[in-house]
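What follows is the residue order along each chain.
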Amino acid sequence: MTTDSEMMKDPVCDMQVAPQQNAITYQGMHFAFCSLQCKERFLANPHLYIGSAAEQAPRQQGQQLFKRRHLRLDKPLTPSAAQQVGEALLAMMGVHAVDVAGEELTITYDLLQVSAEQIEGTLQEIGVELGGGMGEQLRRAFIHYREEAEVENLEVRPGFHGYGGRHP
């Protein structure tokens, strides 16, 4: 058991954090997180970060899952708005590169630390409007679905005795 003066490792990003910072108890285990983003990511797929006695989870093994996404913006950003977008996204855990060119935003990120849906949420919070056509909305929804399926397939499920300890 940790005391308030000891530090813990955030299971999503590996940062050292105070035991009560964004803390939760999951399956009788105590976890603390550097940010609400990491806590949200953990709660969405906890078994990407905690494994079982028989198998380590992907994050425990040090795995990274880099993605590069191209998002269409509703309109080109001014240079100052592009800088603000870059700073806001690079401040997120797991975002490694941001490029704004005209109406296109290209982001490179580690899916084990941040999802496209979280990135889009940050863009909305700072007032950036993504391309709103039906085709673009369907494309983003499909990306969210693919990411969810991909991380679910990587999760280590305790007690599952199928191939490799992962659920089907």
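**Let's talk about the pattern of salt bridges**
- In the structure shown here, the tally under the stated rule is 8 salt bridges.
- Note that Asp14 and Lys9 form a salt bridge whose closest N and O atoms lie 4.0 Å from each other.
- You can call Asp14 partly exposed: its relative accessible area is 34%.
- One salt bridge in this structure joins Glu150 and Lys67, with 2.9 Å as the shortest N-O distance. Taken together, the residues span a long stretch of sequence, with Glu150 in helix α4 (residues 134-154) and Lys67 in strand β5 (residues 66-72) at a distance of 83 residues.
- You can call Glu150 partly exposed: its relative accessible area is 27%.
- Of the residues examined, Lys67 reaches a relative accessible area of 15% and is grouped as buried.

**Some words on the packing of aromatic side chains**
- Under the defined criterion, the tally for this structure stands at 4 aromatic pairs.
- For the ring pair Tyr26 and Phe42, a centre distance of 5.8 Å and an interplane angle of 90° mean the geometry is edge-to-face. Here the residue Tyr26 occupies a position in strand β3 (residues 24-26), and Phe42 occupies one in helix α1 (residues 36-44), the gap between them amounting to 16 residues.
- Both rings, one in Phe33 and one in Phe42, keep their centres 5.2 Å apart while their planes meet at 50°; by these two values the pair is tilted.
- Accessibility expressed as a relative area gives 0% for Phe33, which makes it buried.
- Connected via pairs of aromatic rings, a cluster forms that spans Tyr26, Phe31, Phe33, Phe42 and Tyr49.

Calculation criteria
Residues numbered from 1 in each chain as written. Predicted model: local features only at pLDDT ≥ 70, side-chain atom pairs only at ≥ 80, totals over all residues. Heavy atoms only, no water. Salt bridge = Lys/Arg side-chain N within 4 Å of Asp/Glu carboxyl O. Buried < 20%, exposed > 50% of the residue type's maximum accessible area, 1.4 Å probe, protein only. Helix = DSSP H or I, 4+ residues; strand = E, 2+ residues; numbered from the N terminus. Phe/Tyr/Trp six-rings, centres within 6.5 Å; stacked < 30°, edge-to-face > 60°.

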